[in-house]
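Examining the three-dimensional arrangement
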Amino acid sequence: MRLILLGPPGAGKGTQAKMLKEKFGIPQISTGDILRKAVSNDTELGKQAKAYMGDGQLVPDEIVIELIKEKIKEDDCAGGFILDGFPRTIVQAEKLSETLEEMRLDIDAVIDFEVDPQELIVRLTGRRSCSNCGAMFHDETRPPAKTGVCDHCGSKLYQRPDDNEETILKRLEVYENETAPLKEFYSKQGNLKTLEGRGSAEEIFSQVCDLIS
Ligand code: AP5
């Protein structure tokens, strides 16, 4: 199964991708996670991406396209994958289609999560992520048992530097300008499925499973 998860920052793409990965045993490919790891390891890729990410802008297409092309050809993607945060521009979507065509593969579904912007701001400003296993929490709606500590692995929780209100507003604007047009792109291809992203993560996951079954 090959899925694309679409939606604005905070729509729940990462949360749903992790649940899908667990249930179906296929890898989650998150360009955001790959880039954040590169920044934290201060690699060449990280050096190139850091300023764009900190400013709420997209990293240039050619950088992320190359990343994804390599990633989806790896052995662990042979049985399928979940793209979380890619594609994000029409150019990225076109290049992905070309690559998949060369590999004689198709996308099974593009799931778009629609969430009210005010709710997105609340979700993102309260988000806390585990520095080790990537588990996600929220100060109010999904707090860890012990403040600042991951329930799953005991590591320290951190707040993403782009999860402040000013940068979130920029990310939402970039989403509207650059990424929202992908809904029409995939709708024309006939594989767009839209879900109202309201309700608990578990409720939404059950709708996702119904959609792809
Ligand atoms: P990326 O890491 O992809 O961030 P994003 O798209 O802004 O998405 P988020 O991770 O913030 O949100 P999400 O939808 O995954 O929501 P989540 O499940 O975490 O990208 C970061 C940056 O990297 C970009 O700005 C760009 O610079 C660069 N980048 C990445 N990909 C790129 C690309 N392809 N091209 C160019 N640049 C790229 O949930 C959020 C919070 O809400 C959590 O606290 C969670 O617990 C909570 N939550 C989840 N579901 C629910 C629910 N149903 N109800 C209540 N709370 C919920």
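See above for the structure.
Residue positions within a chain follow its written sequence, with the count starting from 1. Reporting of local features is limited, given that this is a predicted model, to residues whose pLDDT is at least 70; pairs of side-chain atoms are given and counted only at 80 or more, and all residues count toward the totals for whole chains, interfaces and linings. Note that the side-chain values use all heavy atoms of the structure and ignore hydrogens as well as water.

Numbering goes from the N terminus for both helices and strands, where a helix is a DSSP run of H or I of at least four residues and a strand is a run of E of at least two. Looking at the secondary structure, you find arginine 128 in strand 5 (residues 127-130). As used in this structure description, the phrase polar contact means that two N or O atoms lie within 3.5 Å; if the pair is within protein, one of them must be able to donate a hydrogen and the other to accept it, and residues adjacent in sequence are counted only when both atoms belong to side chains. Within the structure, the side chain of arginine 128 is placed 3.4 Å from the backbone oxygen of threonine 125, a separation counted as a polar contact. In what follows, a contact means two residues having at least one pair of non-hydrogen atoms within 4.5 Å. Residues within four places of arginine 128 in sequence aside, it is in contact with Ala135, Met136, Phe137, Asp139, Leu157, Tyr158 and Gln159.

What follows covers the site of the ligand. Nearness is defined per residue: one heavy atom within 4 Å of the molecule or strand is enough. Lining the immediate environment of the ligand, one finds 34 residues, of which Thr15, Gln57, Arg88, Arg127 and Arg171 sit closest. Separating a nitrogen atom of the ligand from a side-chain N or O atom of threonine 31 is a distance of 2.8 Å. Between the ligand and arginine 36 there is a distance of 2.9 Å, counted from an oxygen atom to a side-chain nitrogen or oxygen. Note on areas: Shrake-Rupley with a 1.4 Å probe; residue coverage comes only from the protein chains shown. Contact with the protein chains hides 95% of the accessible area of the ligand, taken as 1000 Å² for the molecule alone. Secondary structure elements with two or more residues in the shell around the ligand: helix 1 (13-24), helix 2 (31-40), helix 6 (117-125), strand 6 (136-138) and helix 9 (201-212).

Turning our attention to the packing of helix 5 (residues 90-102) against helix 8 (residues 182-189). A fitted line through C-alpha atoms represents every axis, and for helices the fit uses only the stretch in contact; the resulting angles, taken between N-to-C directions, go from 0 to 180 degrees. Running from N to C, helix 5 and helix 8 cross one another at 30°; their axes reach a closest spacing of 9 Å. Relative to helix 8, helix 5 is oriented roughly parallel. Judged by the twist between their axes, the crossing of helix 5 over helix 8 is right-handed. Here helix 5 contributes Ile90, Ala93, Glu94, Leu96 and Ser97 to the contact with helix 8, which in turn contributes Leu182, Phe185, Tyr186 and Gln189. Any angle between 65 and 115 degrees counts as roughly perpendicular, while under 35 counts as roughly parallel, over 145 as roughly antiparallel, and the rest as oblique. Should the near helix be turned counterclockwise from the far one by less than a right angle, the crossing is left-handed, whereas a clockwise turn marks it as right-handed.

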